[in-house]
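The chain contents come next:
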Amino acid sequence: MLKKILNHSFWLLIGNSIGRLAMFLTSIFAARILPQEVFGQFTTVRSTISMIEGILSGALMSTATKQVAETIHHDQNKLFLLLCSLFFINVMIAIGIILFLVFFSEWIVNTFFIASSEMVIAFYIGSILLLTTTLSSLTQSILIGFEEFKKMAYIGIAVSTLAIPLIFVLIYYYGLNGAIIGVAIYYLFDFIFKFAFLYSIVQDKKMSFPFSHLLDESKRIISFSFPLFLSIGVNSFAFWYARVIAINDAKGFTHIAIFDASFQWFSIIMLIVGATTSIALSMLSKMQASGNTQEQKSIIAINLAINLGIASFLAIIFSLFSYEIMSIYGKDYAVHSNVLVILSFVTILLTISSLLNKVILVKGNVWMIFFNTFISSLALLGSITFFNDGHAESLAYSFLAFYGVNALMYAFYVIRLNKELV
């Protein structure tokens, strides 16, 4: 079991790391080429699009992995219908959100971002980014359900090799808008490559079915995912609005640029945690379908030990070298290196929260996930509202409040209701 988890984790980590490297280099290019204020605008547009995309793909991603893994184990005849339904839901919701962005971008900028006119066009372009990221995320989550980790790693390498030089050129010549276009192109390439591979897997399983079956299956998926949509919607809005508060209190984008530079390194640990917990979700779903409780115990224990060990090690390393790391972005970033220290240790709480979230999801207790997220989001917004001094550190402490409450509530719930899995 340990060998299988480590092997799957290694290949998924390679694939995700290559993708994260592309986005990491994008941020470095943008921070070095663009003025700090413009870089803050870029990260703000990215975080806003990520917030909206996270509501959609966050719920469907976990649902897709769980449903695909269970369907492969139970009834492969329903697999093609499931995949068509997942893409149908994704595209329909994404189109609705894109239309909202197109019509309300100017209102969003004027209401929340101190009327920065440069960002209106950036939000229009961001609507394209929204579509490409949601399609890429959904396709990846489906392939995780198939446990095709090695092929995903190869695709990640190919896509990054093609996209990274193009992203640099676009940022250099077209500034803020070029940066957003470059990220959108990266995720478009990622979706095309992964969808082509997915198509080759299920080509022999294609079958025709009435449109009514597609609607019925879509309703079933939405019914299961609805609490997750609410949960991630509350979660994403809380994190996004905390950034809005920080931007308006600081009366500019310089401190959000500092925070987002630190957040890039926070994301590295999130990437590793996400790799092993995504594998845990797929494996736990199969064990849940077969009723193998003992294997579930082993999967959870091994994943928790691996994740906590890696998160703690990286948190210490990032903290010890925080000043040197932030100097990569420039001296104006290095003076706030303590933001990276705070976020580094938040990842330990994130690790616990992420794995226990998967345990509860497999058990089907999705409303508990919503309740926990709602309370944790109140802690986040309470922290940034009442203990905010307009600096990036305040935003980092609000993240600490969120994940501290989140991990604690999950732990109490799992201990009380799932003692056989603890």
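What you see is a predicted model, and the numbers here were worked out from it, not measured in a lab. (Residues numbered from 1 in each chain as written. Predicted model: local features only at pLDDT ≥ 70, side-chain atom pairs only at ≥ 80, totals over all residues. Heavy atoms only, no water.)

What follows is about the pattern of salt bridges. For the structure on display, the rule yields two salt bridges. Residues Asp190 and Lys194 are paired through a salt bridge, measuring 3.2 Å at the closest nitrogen-oxygen approach. Of the two residues, Asp190 and Lys194 both sit in helix α5 (residues 149–202), four residues apart, roughly one turn of that helix. Taking relative accessible area as the criterion, Lys194 reaches 5% and is therefore assigned buried. Taking the shortest distance from any N to any O, the salt bridge between Glu217 and Arg220 comes out at 2.7 Å. Of this pair, Glu217 and Arg220 both sit in helix α6 (residues 211–250), three residues apart, roughly one helical turn. Exposure remark for Glu217: the relative accessible area of 13% places this residue in the buried category. (Salt bridge = Lys/Arg side-chain N within 4 Å of Asp/Glu carboxyl O. Helix = DSSP H or I, 4+ residues; strand = E, 2+ residues; numbered from the N terminus. Buried < 20%, exposed > 50% of the residue type's maximum accessible area, 1.4 Å probe, protein only.)

Assignment of secondary structure puts Tyr172 in helix α5. On the basis of relative accessibility, which here comes to 52%, the residue Tyr172 falls in the exposed class. The sequence separation of Tyr172 and Ile33 amounts to 139 residues, and the corresponding C-alpha distance is 6.7 Å.

Residue placement: Gly175 occurs in helix α5. Exposure remark for Gly175: the relative accessible area of 16% places this residue in the buried category. Along the backbone, Gly175 and Val38 are 137 residues apart, and their C-alpha atoms lie at a distance of 8.4 Å. In contact with Gly175, not counting residues within four places along its chain, are Leu34 and Leu170. (Contact = heavy atoms within 4.5 Å.)

Another point: a nonpolar patch on the surface. Residues Met92, Ile93, Ile95, Leu99, Phe100, Val102, Phe103, Phe104, Trp107, Ile121 and Tyr124 make up a contiguous nonpolar surface patch of roughly 1,000 Å² in combined accessible area. Ranked by the residues each element gives to the nonpolar patch, the list is headed by helix α3 (residues 79–112), at nine residues. Structurally, Tyr124 is set in helix α4 (residues 118–146). Residue classification places Tyr124 among the partly exposed residues on the basis of a relative accessible area of 33%. (Patch = residues over 30% accessible without salt bridge, like charges linked within 9 Å, V, L, I, M, F, W, Y side chains within 5 Å. Areas by Shrake-Rupley, 256 points an atom, 1.4 Å probe, with all protein chains shown as cover.)

Turning our attention to the environment of Ser236. Note on placement: Ser236 falls in helix α6. You can call Ser236 buried: its relative accessible area is 11%. Separated by 137 residues in the primary sequence, Ser236 and Thr373 place their C-alpha atoms 9.9 Å from one another.

With that settled, consider the packing of aromatic side chains. For the structure on display, the rule yields 19 aromatic pairs. Between Phe29 and Phe168 the ring centres are 5.0 Å apart and the planes differ by 75°, which places this aromatic pair in the edge-to-face class. Of this pair, Phe29 sits in helix α1 (residues 2–33) while Phe168 is found in helix α5, placing the two residues 139 residues apart along the sequence. For Phe29, a relative accessible area of 18% gives the class buried. An aromatic cluster of at least three residues, connected via ring pairs, comprises Phe29, Phe168, Tyr172 and Tyr173. (Phe/Tyr/Trp six-rings, centres within 6.5 Å; stacked < 30°, edge-to-face > 60°.)

What follows covers the packing of α4 against α5. Packing of α4 against α5 leaves a shortest axis separation of 9 Å and a crossing angle of 20°. By the angle between their axes, α4 is roughly parallel relative to α5. Seen along the crossing, α4 lies across α5 with a hand that is left-handed. For the contact of α4 with α5, a count of residues per class yields 25 nonpolar, seven polar and three charged. (Axes fitted to C-alpha atoms, helices over the stretch in contact; angles between N-to-C directions. Parallel < 35°, antiparallel > 145°, perpendicular 65-115°, else oblique. Left-handed = near helix turned anticlockwise from the far one by under 90°. Nonpolar A, V, L, I, M, F, W, Y, C, P; charged D, E, K, R; others polar.)

The next thing to look at is the side chain of Glu217. Side chain to side chain, Glu217 and Arg220 meet in a polar contact 2.7 Å long. In this view, Glu217 contacts Leu81, Leu82 and Ser85; residues no more than four positions away in its chain are not counted. (Polar contact = N/O pair within 3.5 Å; in protein donor to acceptor, adjacent residues only side chain to side chain.)

Turning to the nonpolar core, a few remarks are in order. Counting 104 residues, the largest nonpolar core has Leu86, Ile142, Phe259, Tyr333 and Phe399 as the members making the most contacts within it. The dominant element in this core, judged by the number of residues it contributes, is α5, at 20 residues. With residues near it in sequence (within four places) discarded, Tyr333 still touches Ala31, Gln36, Phe39, Ala257, Ile258, Ala261 and Met326. (Core = buried A, V, L, I, M, F, W, Y, C linked by side-chain atoms within 4.5 Å.)

With that out of the way, let us pick up α4. Helix length check: α4, at 29 residues, gives a terminal C-alpha distance of 43 Å against a target of 42 Å (1.5 Å per residue), a fit within 8%. Of all the bends found along α4, the most pronounced is centred on Tyr124 and spans about 25°. A large share of α4 lies buried, amounting to 24 of its 29 residues. With its phi angle positive at about 60°, Glu147 sits one or two positions after the end of α4. (Expected span 1.5 Å × (residues − 1). Bend = angle between axes of the 7 residues up to and from the residue.)

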